[in-house]
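Secondary and tertiary structure notes
Each chain is listed here by its residues.
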Amino acid sequence: DSGVTQTPKHLITATGQRVTLRCSPRSGDLSVYWYQQSLDQGLQFLIQYYNGEERAKGNILERFSAQQFPDLHSELNLSSLELGDSALYFCASSVGPGAGEEDTQYFGPGTRLTVL
Amino acid sequence: DQQVKQNSPSLSVQEGRISILNCDYTNSMFDYFLWYKKYPAEGPTFLISISSIKDKNEDGRFTVFLNKSAKHLSLHIVPSQPGDSAVYFCAASRGGSNYKLTFGKGTLLTVNP
């Protein structure tokens, strides 16, 4: 158990809908990262928040947005869903901003999103 | 454009033997490399890392080798154990940082008793 929790574990929805994925970081961690793993793909970095502020952005679609709240939990919002958005979405957390080699990312178990 | 490549989708080895997982990268700006292990229904777990100023890093049964000129790294597991059966992801980053990681697609390692 990494200490990172993600809810829900599974989500099934229809095209065009909007969903929210939730992540609670490990106690004391200030950074939250979001990743997408599509079928037969590696993990794709989406976005990072550090202490409530956006820190780094990857290949995140405009239909996707995220935020980190004062209690440090984070939500990833996916809207106008398409079939291709079906994937595993992982959240990770780390103590600091990830600037150093010692700032290891700890991953949650993921949310499996299925878009029908 | 895949900047981190793991060309072997799967690898099968006998318990007690050496497992060698390979990873190639194309971006010469990458200077920090990591290996993660993933069991089914769990998130990836950090295993070992190496900075580009080194060519080898060892942690118990796990050793990572880096060949910068070939843009290639490998993970050696000796001896392999059935509990090592998992998907192994190679990842890389720039600036010695631990964010904006670029991952490979992973290699499924099966260690047979």
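My aim in this report is to walk through the structure given alongside it, one point at a time. (Residues numbered from 1 in each chain as written. Chains lettered and ligands numbered in written order. Predicted model: local features only at pLDDT ≥ 70, side-chain atom pairs only at ≥ 80, totals over all residues. Heavy atoms only, no water.)

Right, let's talk about the interface of chain B and chain A for a bit. Much of the literature gives interface size as the accessible area that the parts lose upon coming together. Listed per partner, the contact involves 20 residues of chain B and 24 residues of chain A. In total, chain B and chain A occlude about 1,700 Å² of area from one another, counting both sides; carbon and sulfur atoms represent 56% of this. Our count for the contact surface shared by chain B and chain A stands at zero salt bridges. Inspection of the region where chain B meets chain A yields two residue pairs in polar contact (both at pLDDT 80 or more). Mapped by element, the contributors of at least two residues to the side of chain B that touches chain A are strand S4 (30–38) and strand S5 (45–51) of chain B. The biggest single contributor to the side of chain B that touches chain A is S4(B), with three residues. Considering only residue class, the side of chain B that touches chain A consists of nine nonpolar, seven polar and four charged. (Contact = heavy atoms within 4.5 Å. Buried area = accessible area lost by both parts, 1.4 Å probe. Salt bridge = Lys/Arg side-chain N within 4 Å of Asp/Glu carboxyl O. Polar contact = N/O pair within 3.5 Å; in protein donor to acceptor, adjacent residues only side chain to side chain. Helix = DSSP H or I, 4+ residues; strand = E, 2+ residues; numbered from the N terminus. Nonpolar A, V, L, I, M, F, W, Y, C, P; charged D, E, K, R; others polar.)

Okay, the nonpolar core next. Counting 23 residues, the largest nonpolar core has B:Phe33, B:Trp35, B:Leu73, B:Leu75 and B:Tyr88 as the members making the most contacts within it. Counting only elements with at least two residues in this core, the list comes to strand S3 (19–25), S4, S5, strand S7 (62–67), strand S8 (72–77), strand S9 (86–94) and strand S11 (107–112) of chain B. Here this core takes four residues from S9(B), the largest share from any one element. Counting 21 residues, the second-largest nonpolar core is a separate cluster that includes A:Cys23, A:Ile60, A:Phe64 and A:Ala87. (Core = buried A, V, L, I, M, F, W, Y, C linked by side-chain atoms within 4.5 Å. Buried < 20%, exposed > 50% of the residue type's maximum accessible area, 1.4 Å probe, protein only.)

This part is about the pairing of S9(B). Residues and elements named next belong to chain B. The buried fraction of S9 amounts to seven of the nine residues, a majority that puts the element mostly inside the structure. One ladder, built from eight bridges, connects S4 with S9; its direction is antiparallel. Considered in S9, the bridge of Leu34 is made with Ala91. The pairing of S9 with S11 spans three bridges and is antiparallel. Bridge assignment links Ala86 to a residue of S11, and that residue is Leu109. (Pairing = 2+ DSSP bridges.)

So, about the layout of surface pockets. Approximately 510 Å³ is the volume found for the largest pocket. Lining the largest pocket we find 25 residues, and of these A:Gln37, A:Ser38, A:Leu39, A:Asp40 and A:Gln41 sit closest to its centre. Secondary-structure elements contributing two or more residues to the lining of the largest pocket are strand S9 (87–94) and strand S11 (111–115) of chain A together with S9 and S11 of chain B. By residue class, the composition of the lining of the largest pocket is 11 nonpolar, 10 polar and four charged. Considered as a void within the structure, the second largest pocket measures approximately 430 Å³ in volume. Forming the boundary of the second largest pocket are 21 residues, of which A:Asn59, B:Gln3, B:Lys100, B:Leu101 and B:Thr102 lie nearest the centre. Every element with two or more residues in the lining of the second largest pocket is listed here: strand S5 (44–50) of chain A together with strand S10 (102–103) of chain B. Taken together, the residues that form the lining of the second largest pocket break down as six nonpolar, 11 polar and four charged. (1 Å grid on protein atoms, 1.4 Å probe; cavity = no way out; pocket = protein on both sides within 12 Å on 5 of 7 lines; lining within 4 Å. Points joined across faces, edges and corners; volume = space filled by probe spheres on them.)

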